[in-house]
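Working through the structure, step by step
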Amino acid sequence: MKPARFSYAAPTSMSEALALLAESEDARVIAGGQSLAPMMNMRLAQPELLVDINRIDGLSGVGLDAGSLVIGAMTRHADLAGNALVKAHAPVLAYAAGTIGHYAIRQRGTIGGSLAHADPAAQLPLVCMLLDARIDATSSEGVRTIEAADLFETLFTTTLEPSEMITSICVPLLEPGHGWGFRLFNRRAGDFAEVSAAAIVFNREGEAAVRLALGAIASAPFRADDLLPEFDPQDAGWPTRAAAIVAEAAPIEDNARMPADYRREVLQALLEDVLRDAMRRA
Ligand SMILES: Cc1cc2nc3c(=O)[nH]c(=O)nc-3n(C[C@H](O)[C@H](O)[C@H](O)COP(=O)(O)OP(=O)(O)OC[C@H]3O[C@@H](n4cnc5c(N)ncnc54)[C@H](O)[C@@H]3O)c2cc1C
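What comes next is a walk through the structure. (Residues numbered from 1 in each chain as written. Predicted model: local features only at pLDDT ≥ 70, side-chain atom pairs only at ≥ 80, totals over all residues. Heavy atoms only, no water.)

Time to look at the site of the ligand. Near the ligand you find 27 residues, and of these Val29, Gly33, Leu36, Thr110 and Gln123 are the closest. Glycine 101 is positioned such that a nitrogen or oxygen atom in its backbone is 3.2 Å from an oxygen atom of the ligand. Interatomic distance of 2.7 Å between a side-chain N/O atom of glutamine 123 and a nitrogen atom of the ligand. In isolation the ligand exposes 970 Å². Once the protein is present, 89% of that is buried. Sorting the residues of the shell around the ligand by element identifies strand S2 (27-30), helix H7 (111-117) and strand S10 (165-172) as the ones contributing at least two each. Element by element, the count of residues in the shell around the ligand is highest for H7, at 4 residues. For the shell around the ligand, the residue count by class is 12 nonpolar, 13 polar and 2 charged. (Near = heavy atom within 4 Å. Polar contact = N/O pair within 3.5 Å; in protein donor to acceptor, adjacent residues only side chain to side chain. Areas by Shrake-Rupley, 256 points an atom, 1.4 Å probe, with all protein chains shown as cover. Helix = DSSP H or I, 4+ residues; strand = E, 2+ residues; numbered from the N terminus. Nonpolar A, V, L, I, M, F, W, Y, C, P; charged D, E, K, R; others polar.)

So, in structure tokens, the structure goes:
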């Protein structure tokens, strides 16, 4: 199918882009176009105006600032996966970005687009929740910072206002003593996840903690720390026990391809691996 008629603007400055978003009744930002273009072709989205942000300088790249990684919204998945700062300070983010779709999608898709699109099966919303990332959303009114946990409302729905644009993502650095795990289960390489899980384990000088996020099983990714039994890094059987407890309690929905019971079994196996990986790396 072809998209419905739309107008197109490619501003070269933030102020121009924000004015277009503020003025139009039904404008949409287009970044990598890897989700919006197919949705427009299928007429699931019919914006009146596309505001292409690819020509605005300063929206991509990764830097360090006050104990955090600051990632421009237009940073492509492939650049995130290969970036030395991300690999050093948030390796779970680099790894997860490298598992998104296929080569061509990773070259064009952006972190801002993935977060704004809010697919519950997507890698970057899941990992941003795990890492307690903060998202800067800019409009002609100014900048609003949104905790990742407050961004994703439900399927393809965020708390962003139509006039707001994600401009950067701030990810607290993982200090030494942190280990990570990320796994997804999909039907074919490059497909969206049917089930996904990511964990961070901290284990240093008598202090231990674990964070867990689950994706693809409900209408939005979510933190599942409170489903875990008390963490004991000395107990080799803890990942097996924790995986069984979390999989049993997790709110798993049926989807068109797999019944919830099957997905629960898959989740349990993934969780055990994710928790073991994170403990081993801590
Ligand atoms: C075949 C295929 C397989 C895929 N597989 C996966 C996968 O396995 N995992 C995965 O996570 N993704 C997958 N994707 C999606 C892909 O990663 C997209 O890149 C991503 O979801 C959207 O990023 P984008 O930059 O292309 O956004 P776009 O398509 O340009 O936009 C998506 C949405 O976000 C909004 N938006 C974009 N940028 C901003 C911004 N800065 N501020 C506010 N709103 C914004 C747009 O208005 C639109 O609503 C796949 C896509 C395809 C086509």
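With that settled, consider the pairing of strand S6 (residues 134-139). Side chains on a regular strand alternate between the two faces of the sheet. The sheet contact formed by S6 and strand S7 (residues 142-147) spans 6 bridges and is antiparallel. Considered in S7, the bridge of alanine 137 is made with arginine 144. As consecutive antiparallel partners, S6 and S7 are separated by 2 residues. Pairing analysis gives 5 bridges linking S6 to S10, with the strands arranged antiparallel. When the bridges of S10 are listed, alanine 137 appears paired with isoleucine 166. (Pairing = 2+ DSSP bridges.)

To continue, consider a negative patch on the surface. Among the surface-exposed residues, Glu253, Asp254, Asp261 and Glu265 lie close enough to one another that they form a single negatively charged patch. With respect to the helices and strands, the residue glutamate 265 is situated in helix H10 (residues 260-281). (Patch = residues over 30% accessible without salt bridge, like charges linked within 9 Å, V, L, I, M, F, W, Y side chains within 5 Å. Salt bridge = Lys/Arg side-chain N within 4 Å of Asp/Glu carboxyl O. Lys, Arg positive; Asp, Glu negative; His and termini not counted. Charge placed at Lys NZ, Arg CZ, Asp CG, Glu CD.)

If you trace the 4 strands from one edge of the open sheet to the other, you get S11-S12-S13-S14, paired in antiparallel fashion. The sheet terminates laterally at strand S11 (178-185) and strand S14 (222-223), the two strands that pair on one side only. Where strand S13 (residues 207-215) lies against S14, 2 bridges are found, and the strand directions are antiparallel. Considered in S14, the bridge of alanine 213 is made with arginine 223. On the sheet, H10 packs against S11, strand S12 (195-204) and S13 and is oriented at approximately 155 degrees with respect to S11. (Contact = heavy atoms within 4.5 Å. Axes fitted to C-alpha atoms, helices over the stretch in contact; angles between N-to-C directions.)

Taken as a whole and assessed by the stated rule, the structure comprises 3 aromatic pairs. Aromatic pair tyrosine 95 and phenylalanine 182: ring centres 6.0 Å apart, planes at 65 degrees, arrangement edge-to-face. Of this pair, tyrosine 95 sits in helix H5 (residues 91-97) while phenylalanine 182 sits in strand S11; the two residues are 87 residues apart in sequence, bridging distant segments of the chain. With 4.7 Å between their ring centres and 65 degrees between their planes, phenylalanine 231 and tryptophan 238 make a pair best called edge-to-face. By the burial criterion, phenylalanine 231 is buried, and tryptophan 238 matches it. Ring-pair connections join several aromatic residues into one group, and the members of that group are Tyr95, Trp180 and Phe182. Directly above the aromatic system of tryptophan 180 lies the positively charged group of arginine 281, at a separation of 3.8 Å from the ring centroid. (Phe/Tyr/Trp six-rings, centres within 6.5 Å; stacked < 30°, edge-to-face > 60°. Buried < 20%, exposed > 50% of the residue type's maximum accessible area, 1.4 Å probe, protein only. Lys NZ or Arg CZ within 6 Å of the ring centre and 35° of its normal.)

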